[in-house]
Amino acid sequence: MKYGQLKNFVNGSFRDVTSGRTLIITSPIDGTPLAEMPCSTAADLEEAVKAAKAAFPGWSKTPIKERVQVFFRYKYLLEKHLQELSEIVSEENGKTLSEAVAEVEKCIELTEFATSLPQLITGEVLEVSKGVECRTSHVPLGVVASIVPFNFPAMVPNWTIPNAIALGNCMIMKPSDKVPISLTKIAVLLKEAGLPDGVFNIVNGDSEVVNAICDHPDIEAVSFVGSTKVAKIVYQRATQQLKRCLALGGAKNHLLVLPDAKPDMTAQNIAASMSGCAGQRCMAASAMVGIGQVDHIVAKICEEVKKIIPGENLGAVINRESKERIEAYITAAEKQGASILVDGRGAKVAGKENGTYVGPTVIDYVTPEMDVAREEIFGPVISILRTNTIDEALAIENANPYGNAAAVFTQNGGMARYVVDRASAGMIGINVGVPVPREPFSFGGWNESKFGVGDITGKSSIEFWTKLKKSTTKWNPEEGINWMS
Ligand code: NAD
């Protein structure tokens, strides 16, 4: 296997895992086995937490302007190793190489934001009464954990690594048990950038080690990104242990399309949003709600979607189970009376017969009670629902339990504002199919797409990764008798 036996990364070096339990990591592109990933136990976690705890006093006392120097070097190393890291991301996740390059470029942007943290976390100071000064400072939490999903093997870990660590915390990273290889490379780059041993540690594994993370008394905060089902488990378990927790879950993003939307631009946006990363993005367009007469736009969407070819500009979905699940959704919608305008079932790529590809799929005349309309599919599938009014469309969007993203396509500013004000989602696009807020704006959904307070990136993440100290000072008692003077 190309990457052989993976190891944990503890206290600056790679270590064997004690359990003996392993999982084989295979490439979704062609089914080639890539690596054997060890499943850590609570004992393996203990070793990593000890290393992180030992590193914390030194790292947290290092001035932030010095800490971010590591991330200036890390950013340079990400640029230098962009091609190599992108190839690993593509191999283990199945996305196209250009999507993987875009992912690593996003890691660079996330790191760039972290290097600006000294400018953003200056505390406040005010003379609150005569001779009395109050000031605030952001203090790191200690050992923190980050648990990540399969769909962005490099980007989602970098939602947390640069910010949490630059802010003075020491981290335990739990990679996805489907795509752990990119993080091994990231650990090497962080070390080369000069990050002290023990500040960043990797503990590979599955639910056993996630549970151990939630239960560990020396881990102060847990961030999680993954499905809503597991987000709920992690949020409940970590907060029951009185930890700070931010758990991002799944999504079902609705795109509302009005008849006045620009057909070409709307179709290109929708096709790109539903098919990018094979639809395995929490920001992917999953349901389009056409308001009134939008047949001309639906026709353009089909034209655009037919240009998306598995194995060329469309990557594979993560595994066989996922391919079968996505195809079963399409079949169920067909049986329930929806019409399949573009059918991606049974896609095959010549020479990659063991790859797990699903072609792009457009399903029209979907009704709100169908599974394809309600559930996260996580594949290159767009379901089109039809309504007569904007309020009916918003009612469909609002009824969905998720709330990551929503978008509206129109040339009417008043209608766009109407949707922005009423859609129940954390991130809204106006003529934008993937409305990811770029740095310094923060990333985070609402409802069942996120549990916990604040967002995971950008300025909002400062509140999650630090605690606020308030100090009140009076040096000259002669200036007044009591502190309220
Ligand atoms: P997942 O929930 O299956 O796994 C996420 C992490 O949890 C992995 O590290 C996994 O090892 C661990 N895990 C899995 N089952 C567990 C269990 N029973 N107990 C404890 N830990 C467990 O998610 P996934 O399939 O890797 O990723 C896809 C999901 O992530 C989608 O639902 C997608 O929408 C979501 N996602 C959300 C965002 C967001 O920002 N909201 C971003 C990326 C992905």
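Residues numbered from 1 in each chain as written. Predicted model: local features only at pLDDT ≥ 70, side-chain atom pairs only at ≥ 80, totals over all residues. Heavy atoms only, no water.

Engineer: Account for the sheet that holds strand β6 (residues 125–129), with residues named and values stated.
Structural biologist: If you walk across this open sheet you meet the three strands as β6-β7-β21, and the pairing is antiparallel. On the outer flanks of this sheet lie β6 and β21 (466–474), each paired with one strand and no other. Taken pair by pair, the neighbouring strands of this sheet meet at an average axis angle of 30°, ignoring direction. With four bridges connecting them, β6 and strand β7 (residues 132–140) associate as antiparallel partners. Note on β7: the bridge partner recorded for E127 is E133. (Pairing = 2+ DSSP bridges. Helix = DSSP H or I, 4+ residues; strand = E, 2+ residues; numbered from the N terminus. Axes fitted to C-alpha atoms, helices over the stretch in contact; angles between N-to-C directions.)

Engineer: Hey, could you go over the domain arrangement of the chain for me, with residue numbers and the actual values?
Structural biologist: Interface size, as often reported, equals the accessible area lost upon joining of the parts. Partitioning the chain into domains gives domain 1 (4–250 + 444–470) and domain 2 (253–401 + 405–430). Between domain 1 and domain 2, the C-alpha centre-to-centre distance is 31 Å. On the domain 2 side, the residues contacting the 21 residues of domain 1 number 27 residues. Run the count over domain 1 and domain 2 and you get zero salt bridges. Here the side of domain 1 that touches domain 2 is composed, by residue class, of six nonpolar, nine polar and six charged. (Domains from an automatic or database assignment. Contact = heavy atoms within 4.5 Å. Salt bridge = Lys/Arg side-chain N within 4 Å of Asp/Glu carboxyl O. Nonpolar A, V, L, I, M, F, W, Y, C, P; charged D, E, K, R; others polar.)

Engineer: Hey, could you go over the side chain of T160 for me, with residue numbers and the actual values?
Structural biologist: Its location among the elements puts T160 in helix α6 (residues 155–166). Under the relative-accessibility criterion, T160 is labelled buried at 1%. Within the local environment of T160, its side chain forms a polar contact with the backbone oxygen of P157, the two atoms lying 3.1 Å apart. With residues up to four places along the chain from it excluded, the contact list for T160 reads S146, I165, M171, M173, S223, I456 and W465. (Buried < 20%, exposed > 50% of the residue type's maximum accessible area, 1.4 Å probe, protein only. Polar contact = N/O pair within 3.5 Å; in protein donor to acceptor, adjacent residues only side chain to side chain.)

Engineer: Kindly report on the site of the ligand, identifying the contributing residues and their values.
Structural biologist: The environment of the ligand is made up of 28 residues, and the closest members are V148, K174, S227, G249 and E376. At a separation of 3.1 Å, an oxygen atom of the ligand approaches a polar backbone atom of F150. G226 has a polar backbone atom sitting 3.2 Å from an oxygen atom of the ligand. Against a free-state accessible area of 840 Å², the protein chains account for coverage of 88% of the ligand. Elements represented by at least two residues in the shell around the ligand include exactly α8 (207–215) and β11 (219–225). A domain split of the shell around the ligand shows at least three residues from each of domain 1 (4–250 + 444–470) and domain 2 (253–401 + 405–430). (Near = heavy atom within 4 Å. Areas by Shrake-Rupley, 256 points an atom, 1.4 Å probe, with all protein chains shown as cover.)

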